[in-house]
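Reading the structure
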Amino acid sequence: MTVYKAFRNFYIFLLVLAIALGAGTAGIVGYKLCYKDQAVYAVSKYGSSGDEVRRIQQKLKDLGYYKDRVDGIYGTNTQSAVKSFQRNVGLTADGIVGNATLLYLGLSGGSTANNTSYSDADVQLLGKVISAEARGESYEGQVAVGAVILNRVAHSSFPDSISGVVYQNGAFSCVNDSNWYQPISGTSKKAAIDALNGWDPSGGAIYYFNPAKTNDKFMHSRPVITVIGSHKFCK
């Protein structure tokens, strides 16, 4: 073999090797991009359409944030409603419905509570308290009352079960009055499920009260987190 042929064969070998490495690199890059794309959570935002947008619109309409037709098209009015909701519950008001906003809307877990540590009896009892304590309040206000009960369950100063919190001596006057025996309102069980799924419009409150109906100095002394309807929610 001449020096020329040897050089030519070596050159061809390097060229083939370069092409092979290039193809391999492209495959690796392509895989990484594909993997990255799969890691991005689906969100609903301006320009989106479909069943999830329809569910978002309906929930926002139920909560009083969205006034237009539920058409499954994420337009300007839907975006404005989402921003208003996000602002009100303490989320970044970017108008994009990601995992956190879905959770706060109570849409991430479907129609039943995700939290398997609670039984159907717990859902029923929580709905009963919400119905008795927040009858006539907005849906958001009903969920907030449920959230306060759950915040107490998680707090070291209160009993560690829904029934323990509800029936703690002197905690909820409704268990001793006529409201307790009224039928559970249509939205109260749904509000209980939303609270169990993690929506907390109270902002982490462990107390709430109606200032027009109580002169209790302790309640009036608590730092107020937010006001929803006729209730003040406090630390």
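Higher on the page you've got the structure.
Residues numbered from 1 in each chain as written. Predicted model: local features only at pLDDT ≥ 70, side-chain atom pairs only at ≥ 80, totals over all residues. Heavy atoms only, no water.

**What about the overall build of the protein?**
Quick note on the threshold: Comment: elements are numbered from the N terminus, with helices defined as DSSP H or I runs of at least four residues and strands as E runs of at least two. When a residue's accessible area, from a 1.4 Å probe over protein chains only, is under 20% of the maximum for its type it is buried; when over 50% it is exposed; and in between it is partly exposed. Two residues form a contact once any of their heavy atoms are found within 4.5 Å. Here the Shrake-Rupley method, with its probe set to 1.4 Å, supplies the accessible areas, and only the displayed protein chains count as covering residues.
Within the protein, the secondary structure is distributed over 9 helices and 3 strands. Going residue by residue from the N terminus, the α and β elements of the protein occur as α-α-α-α-α-α-α-α-β-α-β-β. Counting only residues that meet the buried cut, the protein has 36% of its 235 residues in that class. A fraction of 57% describes how many contacts in the protein between residues 6 or more apart in sequence connect residues 24 or more apart. Accessible area of the protein: about 13,500 Å², with a carbon and sulfur share of 55%.

**So, the environment of Val-148**
Tracing the backbone through its elements, the reader meets Val-148 in helix H6 (residues 139-154). Among the residues examined, Val-148 registers a relative accessible area of 0% and is labelled buried. Considered as a pair, Val-148 and Ile-206 are 58 residues apart in the sequence and their alpha carbons are 5.0 Å apart.

**So, the pattern of salt bridges**
Pairs can form between side chains of opposite charge once their charged atoms are near each other. Here is the rule we go by: Think of a salt bridge as a Lys or Arg side-chain nitrogen and an Asp or Glu carboxyl oxygen that are within 4 Å of each other.
For the structure shown, the criterion picks out 2 salt bridges. The partner of Lys-59 in a salt bridge is Asp-194, with the nearest N and O atoms 3.1 Å apart. One end of the pair, Lys-59, is in helix H2 (residues 51-62); the other, Asp-194, is in helix H8 (residues 188-196), and 135 residues separate them in sequence. Looking at Asp-194, the relative accessible area reads 3%, which means it is buried.

**As for the sheet that holds strand E1 (residues 207-209)**
As a reminder of what qualifies: A pair of strands is labelled paired if DSSP reports no fewer than 2 bridges between them. Lines are fitted to the C-alpha atoms to define the axes, a helix being fitted only along its stretch in contact, and any angle between axes, read from their N-to-C directions, falls within 0 to 180 degrees.
The strand order across the open sheet formed by 3 strands is E1-E3-E2, and the pairing between neighbours is antiparallel. The sheet terminates laterally at E1 and strand E2 (224-228), the two strands that pair on one side only. In this sheet, adjacent strand axes meet at a mean angle of 20° when their direction is disregarded. Relative to strand E3 (residues 231-234), E1 is paired through 3 bridges, and the arrangement is antiparallel. Across the sheet, residue Phe-209 finds its bridge partner in E3, namely Lys-232. H6 contacts E1, E2 and E3 of the sheet and is inclined by roughly 30° relative to E3.

**Description of the packing of H6 against H8**
Rules: Any angle that is under 35 degrees is reported as roughly parallel, and any over 145 degrees as roughly antiparallel; angles of 65 to 115 degrees are reported as roughly perpendicular and all others as oblique. By definition, any crossing whose near helix is turned counterclockwise from its far helix by less than a right angle is left-handed, and any crossing with a clockwise turn is right-handed. Classification used: nonpolar for Ala, Val, Leu, Ile, Met, Phe, Trp, Tyr, Cys and Pro, charged for Asp, Glu, Lys and Arg, polar for all others including Gly.
For the pair H6 and H8, the least separation of the axes is 8 Å and the interaxial angle reads 55°. Judged by the inter-axis angle, H6 sits oblique to H8. In terms of crossing hand, the pair formed by H6 and H8 is right-handed. Counted together, Tyr-139, Gln-142, Val-143, Gly-146, Ala-147 and Leu-150 of H6 and Ser-188, Lys-190, Ala-191, Asp-194, Ala-195 and Leu-196 of H8 form the full contact between these two elements. Its residues placed into classes, the contact of H6 with H8 shows 7 nonpolar, 3 polar and 2 charged.

**Topic: H8**
Most of H8 sits out of view: 7 of its 9 residues are buried. Of all the positions in H8, only Ser-188, Ala-191, Ala-192, Ile-193, Asp-194, Ala-195 and Leu-196 are classed as buried. The inward-facing, buried residues of H8 abut H2, helix H4 (99-105), helix H5 (120-133), H6 and helix H7 (162-166). The first or second residue beyond H8 is Gly-198, which carries a positive phi of 115°.

**Observations regarding the packing of aromatic side chains**
Geometrically, a pair of aromatic rings is defined through the distance of the ring centres and the angle of the planes. Our working rule: Two rings from Phe, Tyr or Trp (for Trp, the six-membered ring) form a pair when their centres are within 6.5 Å of each other. A pair whose planes differ by under 30 degrees is stacked, one over 60 is edge-to-face, and the rest are tilted.
In total, this model carries 8 aromatic pairs according to the counting rule given. For the pair Tyr-65 and Phe-85, a centre-to-centre distance of 5.5 Å together with 90° between the ring planes defines the contact as edge-to-face. In this pair, Tyr-65 is assigned in the loop between H2 and helix H3 (76-89) and Phe-85 in helix H3, connecting sequence segments 20 residues apart. Pair check on accessibility: Tyr-65 and Phe-85 agree, each one buried. Geometrically, the ring pair formed by Tyr-167 and Trp-180 is edge-to-face, given 6.2 Å between the ring centres and 80° between the ring planes. Here Tyr-167, found in the loop between H7 and H8, pairs with Trp-180, found in the loop between H7 and H8; they are 13 residues apart in sequence, far enough to count as distant. Residue Trp-180 is classed as buried on the basis of its relative accessible area of 6%.

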